[in-house]
Amino acid sequence: MGPRRLPSLSALRAFEAAARHESAKQAAQELSVTATAISHQIRGLEEALGIPLFVRKPRQLELTPQGRELQLVLETAFDNISHTIGRLTSAPARQAITLSTTPAIAVRWLLSWVCLLRESHPDIDLRIHASHEAVALDGVTADLAIRYGDGRWPGLVAEKLFDNTFIPACSPHLDLQAVADLPHHPLIHFRPQAPSISPMDWAGWQKQARVPGLEVSAGLVFSDETHAISAAIGGQGVALMSRPLIADELAGGRLVQPFGPELEGKPFYLVYPESRRQDPAILAIRDWVMAVPGGLCPESHR
């Protein structure tokens, strides 16, 4: 790309102010110069461009069509420059970073460990975007995400957090022992509204288990995984759940796995843009997520 061919920036600034005020006098007051200096700058700009920018009338400047077109471009450009300088010079010491993940991952895995992030990086404000949708990691909607998939997202760094195994789970109060008894209990389904999310379901489980008389489409249906887990804990039926997300309930006996088979699902990954691989704030959130119990330790990817 060659050098830009631009007229005097002082002349452009004088013209933009005069065009906005429709007055050389008011433009001079804004820029702290004389009206004569403004007029001189504008005439020099017209000579350099070879086009008239104003129709000069008593006590008023009226833009020509060419002048109006140039004024609109300059107004936008100067506004952008002003906003950027204002943002850079008044940037707060704190930095907000948005991590997008599913509601279940947020509630059941991350939130209990936010204290570790606050201790190590008190200048970072973490914002959790809880959704089943794969949102844009554009620095506006979100900066990083925890996603369920095969680990291949173009333009993104993907670091594996943990494998994902789906198991039948229910309250021990159901006293469910044999897989043949499953048709006598309600099934609990997790069906997210986002079409991009395809968790394991009872239909897939039944292909392996082949339980006689099991109606895989019947039962309670939830669009939020946390609600499905709560229903299972409450003894409302048997759920097909991601084992990492109910590890505490299994360890504490609030949920049990009465039988198999187990289904291997796609792992969970932490993802963020390749272009921000060295961003200190991104690395801070990355290290925190990788150190949360249940994920891989940070040293395993270095």
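Residues numbered from 1 in each chain as written. Predicted model: local features only at pLDDT ≥ 70, side-chain atom pairs only at ≥ 80, totals over all residues. Heavy atoms only, no water.

The next subject is the confidence of the model for the protein. Residues shown with low pLDDT carry predicted positions that ought not to be read at fine detail. Predicted confidence across the protein gives a mean pLDDT of 87, with 93% of residues reaching 70 or more. Note that residues 295-302 has pLDDT below 50 and, in this model, 20 contacts with residues that lie over four places away or in other chains. (pLDDT = per-residue confidence, 0-100. Contact = heavy atoms within 4.5 Å.)

Time to look at the side chain of Glu 225. Tracing the backbone shows Glu 225 in helix α8 (residues 225-233). Every residue in contact with Glu 225, bar those within four places of it in the chain, is listed here: Ala 104, Phe 190, Met 241, Ser 242 and Leu 245. (Helix = DSSP H or I, 4+ residues; strand = E, 2+ residues; numbered from the N terminus.)

Across the seven residues that make up strand β3 (residues 95-101), a large majority, five, are buried. Alignment of β3 against strand β4 (residues 124-130), held across seven bridges, turns out to be parallel. Across the sheet, residue Thr 98 finds its bridge partner in β4, namely Arg 127. Where β3 lies against strand β5 (residues 144-148), two bridges are found, and the strand directions are parallel. Looking at the pairing, Ser 100 lines up with Ala 145 of β5. (Buried < 20%, exposed > 50% of the residue type's maximum accessible area, 1.4 Å probe, protein only. Pairing = 2+ DSSP bridges.)

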